[in-house]
Amino acid sequence: MNRIQLAEELSVSQIVHGHWRLSDWNYSNEEVVELIEQCLELGITTFDHADIYGSYTCEPLFGQALALKPELRERMELVTKCGIVLESENRPEHQSHHYDTSKAHILKSVENSLQAFGTDYIDLLLIHRPDPLMDPREVAEAFRELKDAGKVRHFGVSNFKKHQLDMLESYLDVELVTNQIELSPYNLENIHDGTLDTCMEKRLAPMAWSPLGGGDVFTSDSERAIRLRTTLDKVAGEIGADGIDQVMYTWLLAHPAKVIPIVGSGKIERIKSAVAALDLTLSKDQWFEIYTSSQGYDIP
Amino acid sequence: MNRIQLAEELSVSQIVHGHWRLSDWNYSNEEVVELIEQCLELGITTFDHADIYGSYTCEPLFGQALALKPELRERMELVTKCGIVLESENRPEHQSHHYDTSKAHILKSVENSLQAFGTDYIDLLLIHRPDPLMDPREVAEAFRELKDAGKVRHFGVSNFKKHQLDMLESYLDVELVTNQIELSPYNLENIHDGTLDTCMEKRLAPMAWSPLGGGDVFTSDSERAIRLRTTLDKVAGEIGADGIDQVMYTWLLAHPAKVIPIVGSGKIERIKSAVAALDLTLSKDQWFEIYTSSQGYDIP
Amino acid sequence: MNRIQLAEELSVSQIVHGHWRLSDWNYSNEEVVELIEQCLELGITTFDHADIYGSYTCEPLFGQALALKPELRERMELVTKCGIVLESENRPEHQSHHYDTSKAHILKSVENSLQAFGTDYIDLLLIHRPDPLMDPREVAEAFRELKDAGKVRHFGVSNFKKHQLDMLESYLDVELVTNQIELSPYNLENIHDGTLDTCMEKRLAPMAWSPLGGGDVFTSDSERAIRLRTTLDKVAGEIGADGIDQVMYTWLLAHPAKVIPIVGSGKIERIKSAVAALDLTLSKDQWFEIYTSSQGYDIP
């Protein structure tokens, strides 16, 4: 599988496996290990987490599985996130849903993640959401300390717009290597508002969360979902895709911004279907047919 | 006529003649030549085209006229555009309306334009629309090749917003010298969203398409059109303008961004009227009266 | 009181006293002097004006008071603004409400302000509003001349968005040291649109006008005002604040952008209440509770 170079010393697989629903899969540790190994066989070496996934349970579940085969750690890149505080029975000290990008919180969150994963380094740590109360000086200090300590090797952000990227970057002495954004044929916000252009300008290959539009494209009865589903179905037939999920992945992969889709399924067949999308191609006619079908109006 | 220096080796006339409706004028080649010569006499030396104008017919019509007096070529600047693909009986291979800013398409489009015009160089080539699927590396390669081959002397864009300008510029090794945008007293979008400020920041003198608001100001019964028309009529009386078209040109020319209006009329009287606007001036009171009349609310 | 360093040679007090309603207070010159001295005792050394405040009467009123104790001038920083033209009986030559950021207008406005204040320098001059007809070359010339003449020591803007800051800065050879913007728990526009981030990126400590939301939070029956008022009341109880005004100041002061609230009250008790807010602190839970209560939806 093609690899995307995010920094001199960090590459990720073109497709990333996302674990935000790991706790919903109800897998045994052995089953998680099996899924990881199947991904690695496919060339998917990058796994996406966040401290809060599964109400703070996904990281520990992954760690428990990894403990069965610790030698797998060196064959993968672990991505995780911090900065959101959730009320949870697993964090009884949390009193409200808010953001915390203070130095203390970032450092503590990383310690928790390291312990949960049972590893001594994170490959890539992301600030999960732009925080209207962010003190970029604290983020800069936290990142510097974590890098110097070898606990986090690379840094990035998620859901940031241009002004937030520009602001944070101006305080950091480490490089931001990705911006993980919502992006799919069903969600064009980050194309329309220029975020994807900004990623290209900054040479930040973006990771795409909800690359299949969060399921609405498959099931929603909204006019827009039906319209897009119909178009995707038609194109699937034209290009010989197995289903509209493959067309959506292909649509993302066709973009010159080097989009890295995060596949969040726990079923190996769905993951293989995403990988197979790497061999499909769209004509510009087809790419724009999907684009305009999604936005509901023609290009000017 | 005043000239606007777009680059060290390119200046254009303060008013540009636009040929997007050339095929509608039903002029003989001789009549087109006569119109060109009348423009040149007025000091209008810059002519604006696009591959797609008149469903791909305007460039050839202009070229057929120019063939009658090839010596005129050296007395003018030819602007044209590429990047939009239209379905057309003149391009039977096109299957849908989409954008194509690939290297191959840009090179082919320029070849077509050169052949249609019967010239061996374009003075200024614009990317017609921001393309959500643009690969800026391909644009950069195409521009570099075209410049090295002497086929295109200068490059610009049209309808670009700040993030699109920033992104594309970051990949180019040639300079963008203009951004052709919709701008008129009736259309304030590019003022309100900051595009005009960005042009000034980047020292890009913008060309203004639809400088008369596309005709609505003259004929529409909408509340907004009537309100603006009334204000323009009043100001026309105050400054001794021949009509509201002159007031609209004067309003654009008053802006410090060095706006270059594209006059799209095939009637020499209308063109002369635009040129005469160069001798009119507006007070700041009048400029803002038109501005607030258009937007429908006072400045804060 | 903490001081904010806006430039190497300019610091302002963390809280600024604003005089936009000075003419409404109906104070004698002696009473104005008393208020100034009380502010100075509290550590508030910075006073915010604009040429147009009180329909051009506030600057002269302040100057008349200052004339009673001219030695106070050296103990304060005077901020004023220019660029708006108002119809007023005090400016019979003005024919309409518009902006004027021409060199001539800026120079004349500063002369008027100097004369009205009875001082020979302004510490900080702001362009009052972004002017869609601004010629940045003229602003640059005016600023340069005023600085060279010692009439204005530092320069800034008010109500500018990123594209306007970027554009103007690109023409200036003096530094912009602040952006005075509307900011309060009731008005999040400059947070939501990225202006506050841009201030941080540019290291421009922003001054906040209407830091109490212009009064609506106290009196409006709108659902939003009631919701925010209820939250502020609750938090006031939690942190031991004297009233919701203190909570609003504390909310602003908690932001890492080093926000400088402009307190516009003529009553010393209200000013003291603002100063007392400097000793209060909010938890992140409380800051976000106010933020989401204001915007009416949770953070994602």
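Here the structure is a predicted model, which is why all the values come from computation and not from measurement.

What is the right way to look at the interface of chain B and chain A in this model?
Accessible area lost upon the coming together of the parts serves often as the stated size of an interface. The interface of chain B with chain A comprises 22 residues on the first partner and 21 residues on the second. Taken together, both faces of the contact between chain B and chain A bury some 2000 Å²; the carbon and sulfur share is 59%. On the chain B side of the interface with chain A, the three residues burying the most area are Pro132, Leu133 and His163 of chain B, jointly 33% of the side's total. Counting across the chain B and chain A interface gives one salt bridge. Note that Lys284 of chain A is salt-bridged to Asp100 of chain B, the shortest N-O span being 4.0 Å. Summed over the shared surface of chain B and chain A, the number is nine residue pairs in polar contact (both at pLDDT 80 or more). Of all the elements in the fold, those that place two or more residues in the side of chain B that touches chain A are strand S7 (98-99), helix H5 (136-148) and helix H6 (162-169) of chain B. With five residues, the single largest contributor to the side of chain B that touches chain A is H6 of chain B.

Would you explain the UniProt feature "domain: NADP-dependent oxidoreductase" (unreviewed entry) in chain A in this entry?
The UniProt record annotates "domain: NADP-dependent oxidoreductase" (unreviewed entry) at residues 15-290 of chain A. The span residues 15-290 of chain A is 44% helical and 16% strand by assignment, and the distance between its end C-alpha atoms comes to 21 Å.

So what exactly am I meant to see when it comes to the relation of the copies chain B and chain C here?
One copy of the chain maps onto the second through a rotation around an axis plus a translation along that axis. Mapping chain B onto chain C calls for a rotation angle of 120° and an axial translation of 0.0 Å; the resulting RMSD is 0.0 Å. Here the symmetry operator amounts to a three-fold rotation axis. The share of interface residues of chain B whose copies in chain C are also at the interface is only 5%, consistent with the copies meeting through different surfaces.

For this particular structure, what's the right way to read helix H4 (residues 103-117) of chain C?
Three- or four-residue spacings in an α-helix give side chains the same orientation, since the helix completes a turn every 3.6 residues. All names here are of chain C. With 15 residues, H4 should reach 21 Å at 1.5 Å per residue; the first-to-last C-alpha distance of 21 Å fits that figure. Within the span of H4, buried status applies to Lys103, His105, Ile106, Ser109, Val110, Ser113, Leu114, Ala116 and Phe117. All buried residues of H4 project into a common sector of 165° when viewed along the axis, lining one side. For H4, the exposed residues lying more than 90 degrees away from the buried face are Ala104 and Gln115.

Whenever I open this one, the pattern of salt bridges confuses me. Can you help?
Pairing between side chains becomes possible if they bear opposite charge and their charged atoms approach one another. Under the defined criterion, the tally for this structure stands at 55 salt bridges over all chains. Between Asp173 of chain C and Arg144 of chain C there is a salt bridge; the shortest N-O distance is 3.3 Å. Remark: Arg144 of chain C occurs in helix H5 (residues 136-148) and Asp173 of chain C occurs in the loop between helix H6 (162-169) and strand S10 (176-182); sequence separation between them is 29 residues. The class for Asp173 of chain C is exposed, based on a relative accessible area of 51%. Here Asp166 of chain C makes a salt bridge to Lys162 of chain C, at a shortest N to O gap of 3.1 Å. Here Asp166 of chain C and its partner Lys162 of chain C are both found in helix H6, four residues apart, which amounts to about one turn of the helix. Bridged by salt links that share partners, the residues Lys162, Asp166, Glu169 and Lys202 of chain A form one connected network.

Teacher, can you tell me more about the interface of chain B and chain C here?
With 21 residues of chain B at the contact, the number on the chain C side is 23 residues. Summed over both sides, the interface between chain B and chain C buries roughly 2000 Å², with carbon and sulfur atoms accounting for 59% of that surface. At the junction of chain B with chain C, the criterion picks out zero salt bridges. Its residues assigned to classes, the side of chain B that touches chain C shows nine nonpolar, three polar and nine charged.

Is there a simple way to think about H5 of chain B in this case?
Residues and elements named next belong to chain B. Taking 1.5 Å per residue as the helical rise, H5 with its 13 residues ought to reach 18 Å, and the 18 Å between its terminal C-alpha atoms agrees with that figure. Turning to H5, its buried residues number three or more, namely Pro136, Val139, Ala140, Ala142, Phe143 and Leu146. Looking down the long axis of H5, one finds its buried residues gathered within 165° of arc, a one-sided arrangement. One or two steps after H5, the chain reaches Gly150, where phi turns positive at roughly 75°.

What exactly am I supposed to notice about the packing of aromatic side chains here?
Two measures describe an aromatic ring pair: the distance that separates the ring centres and the angle between the ring planes. Summed over all chains, the structure comprises 27 aromatic pairs over all chains. Pairing Trp287 of chain A with Tyr291 of chain A gives two aromatic rings, centres 5.4 Å apart and planes at 20°, and the pair type is stacked. Pair noted here: Trp287 of chain A and Tyr291 of chain A are both in helix H13 (residues 284-295), with a separation of four residues, about one helical turn. Each member of the pair Trp287 of chain A and Tyr291 of chain A is classed as buried. Consider the rings of Trp25 of chain C and Tyr27 of chain C, whose centres lie 5.8 Å apart with planes at 45°: the pair is tilted. Exposure remark for Trp25 of chain C: the relative accessible area of 16% places this residue in the buried category. For Tyr27 of chain C, a relative accessible area of 28% gives the class partly exposed. An aromatic cluster is built from Tyr99 of chain A together with Trp251, Trp287, Phe288 and Tyr291 of chain C, whose rings are joined through pairwise contacts. The ring of Tyr171 of chain C carries Arg203 of chain B above its face, with NZ or CZ at 3.5 Å from the centroid.

Mind showing me how you'd approach the side chain of His163 of chain B here?
Take His163 of chain B: it is sitting in helix H6. Residue His163 of chain B is classed as buried on the basis of its relative accessible area of 15%. The residues touching His163 of chain B, leaving out its near neighbours within four places in the chain, are Asp193, Gly194, Asp197 and Thr198 of chain A.

Explanation requested: the side chain of His17 of chain C in the structure shown.
Residue and element names in this part refer to chain C. Relative to the helices and strands, His17 is located in strand S3 (residues 16-18). By relative accessible area, His17 is classed as buried at 1%. Reaching out from His17, the side chain makes a polar contact with the side chain of His19 at a distance of 2.9 Å. Sequence-distant contacts of His17, defined by excluding residues within four places in its chain, comprise Trp25, Leu35, Cys39, Ile44, Thr46, Phe47, Asp48, Ile262, Val263, Ser265 and Ile271.

Basis of the calculations
- Residues numbered from 1 in each chain as written.
- Chains lettered and ligands numbered in written order.
- Predicted model: local features only at pLDDT ≥ 70, side-chain atom pairs only at ≥ 80, totals over all residues.
- Heavy atoms only, no water.
- Contact = heavy atoms within 4.5 Å.
- Buried area = accessible area lost by both parts, 1.4 Å probe.
- Salt bridge = Lys/Arg side-chain N within 4 Å of Asp/Glu carboxyl O.
- Polar contact = N/O pair within 3.5 Å; in protein donor to acceptor, adjacent residues only side chain to side chain.
- Helix = DSSP H or I, 4+ residues; strand = E, 2+ residues; numbered from the N terminus.
- UniProt positions renumbered as here; feature names shortened; annotations may be inferred.
- Least-squares fit on C-alpha atoms with pLDDT ≥ 70 in both.
- Expected span 1.5 Å × (residues − 1).
- Buried < 20%, exposed > 50% of the residue type's maximum accessible area, 1.4 Å probe, protein only.
- Arc of directions from axis to C-beta.
- Nonpolar A, V, L, I, M, F, W, Y, C, P; charged D, E, K, R; others polar.
- Phe/Tyr/Trp six-rings, centres within 6.5 Å; stacked < 30°, edge-to-face > 60°.
- Lys NZ or Arg CZ within 6 Å of the ring centre and 35° of its normal.

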